[in-house]
Amino acid sequence: MTGQLAFVESPVQLLNVLEWAHTRATAPAAPSAAPPGASGPADADASARALSSTDATPGAAPAAPDLTVVVLSPTDPMSRGQLRRMAQLARDEGFTVRWQEARRGRGALVRTLRELARPLRSAERVIIGDPFSRYVQLLLTLFGPRHLTVVDDGTATMEFAAQLGRGERLVRWHRKGSLGPRELVLAPVTSLAKRRLAPARGRTVEIFTSLPVQAPEGVRVTENSFAWTRTRFGPPLLTGGADLVGTSLVETGVVDAVHYDRVVGELARTHGATRYFAHRRESAEKLHRIAVETGLQVVRPELPLELIARRGPIGRTVVSFPSTVVHTLPLALAGTGVKVAVCEIAPEWLRESASPRAQGFLSGVAGTAAHEVDRLTARVTNPTDRLEFG
């Protein structure tokens, strides 16, 4: 196993690895270093007009034959199911996919490290999706790649680029900055991994993203325009109503569950929504409550939402809370006529235990969304706490 080695732990990471490989294969020269948003994908409209009306194109030419994808499989069933379907799409594109049970049973970590040692040493380029992952950080401390690419795994890419530029230790935005016992033990690993994630003599670093990032000096930023998704899927059939996109902000301890449920109900009534696309980390209890209280049809997607939306059917309006999809869906759905809207998070919705950085980060995600995205601000209109969106 040589050439290019990708480590993925989520369906979105694997999708963006496929997008990266497609960009590398189709670019006439080296990928542009212009940050996303500086100029939109030049071929978006032309690509949208040229799309087939079928689903994935069988027998598509492999974009990068020397790319091997290693799935460091998570334990939750929803993620595993989506990853298995994404893995098959990767195989259909001609890539080698290696499924690694990296978290199951005693000794899984040691066994995984032993089995991956040789391919890591021989890889010219390593592609990762989550620089905050303890698993990935451990791999980077043992084997420093010559070329490193970071692909999107949600809005955390924005925080990663900012922390790398400021020279800060790597901490997920929704977690508090204080070090707990586990973080103290792993601090040396995180510190060394951070150095391996920065450009240096003999090492290049690339961020492949659809998000507006401010990368530090020496880091190449390559725009992800979702060209592979638009080429392989759609265009979708549009329904007459609206769809809501769920978020795991309750599960990560950022947003209060009562506020969240109330806002989802108001959004559904305001926009005439009929479906709620669940985030893969949302709890079954919360989703059941939303279905009963709002009448929304809760859908657990079998693939990342960008592919689900591109394949269709999808509502003419898609409403989301601040998340990656307010940046990715306008790209994936370019030329289809679908309108994307983002509902901003009000400060009073946050839990007292939420990270002090949460409000600023979420506001930044919503505020930097593509100019095609409508911004919704919730406000109380009467003493009964009924919300209105404007």
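Basis of the calculations
- For every chain, the first residue of the written sequence is number 1, and numbering continues from 1 onward in sequence order.
- Totals for whole chains, interfaces and linings use all residues, but because this is a predicted model, local features are given only for residues with pLDDT of at least 70 and pairs of side-chain atoms are given and counted only at 80 or more.
- Side-chain descriptors were evaluated using all non-hydrogen atoms of the structure, hydrogens and water having been removed beforehand.
- Paired strands are those between which DSSP finds at least two bridges.
- Numbering goes from the N terminus for both helices and strands, where a helix is a DSSP run of H or I of at least four residues and a strand is a run of E of at least two.
- Axis lines are fitted through C-alpha atoms, for helices just across the contact stretch, and the angle between N-to-C directions can take any value from 0 to 180 degrees.
- What counts as a salt bridge is simple: a side-chain nitrogen of Lys or Arg found within 4 Å of a carboxyl oxygen of Asp or Glu.
- Throughout this description, buried means an accessible area under 20% of the type-specific maximum (1.4 Å probe, protein chains only), exposed means over 50%, and partly exposed covers the range between.
- Distance and chemistry together define a polar contact, namely a pair of N or O atoms within 3.5 Å, with one atom able to donate a hydrogen and the other to accept it when in protein, and with adjacent residues in sequence counting only for side-chain atoms on both sides.
- Here is how to tell: hold the view so the strands point away, follow the path from the first strand over the helix to the second, and if it runs clockwise the crossover is right-handed.

(A) Geometry of the sheet that holds strand 8 (residues 238-245). Spatially, 10-9-8-11-12-13 is the arrangement adopted by the six strands of the open sheet, whose pairing is parallel. The open sheet has two free edges, formed respectively by strand 10 (297-299) and strand 13 (374-376), since each of these has just one partner strand. Strand-to-strand twist of the sheet, defined as the mean angle between neighbouring strand axes without regard to direction, takes the value 30 degrees. As judged from the four bridges shared by strand 11 (residues 314-320) and strand 12 (residues 339-343), these two strands associate in the parallel manner. When the sheet's bridge partners are listed, S320 is paired in strand 12 with V342.

(B) Broad picture of the pattern of salt bridges. In this structure the tally under the stated criterion is 13 salt bridges. The shortest N-O distance in the salt bridge between E266 and R269 comes to 3.0 Å. Of this pair, E266 and R269 both sit in helix 9 (residues 257-271), separated by three residues, roughly a single helical turn. What makes E266 buried here is its relative accessible area of 5%.

(C) Focus on the side chain of D130. Residue placement: D130 occurs in the loop between strand 4 (123-128) and helix 5 (134-142). Assessed through its relative accessible area of 8%, D130 is described here as buried. A distance of 3.0 Å separates a polar atom in the side chain of D130 from the backbone nitrogen of F132.

(D) Just the pairing of strand 9 (residues 273-277), in detail. With respect to burial, strand 9 is a largely interior element, four of its five residues being buried. Of the strand pairs in this sheet, strand 8 and strand 9 are connected by four bridges, and their pairing is parallel. Directly across from D243, in strand 9, lies its bridge partner R275. Viewed along the sheet, the connection from strand 8 through helix 9 into strand 9 turns out right-handed.

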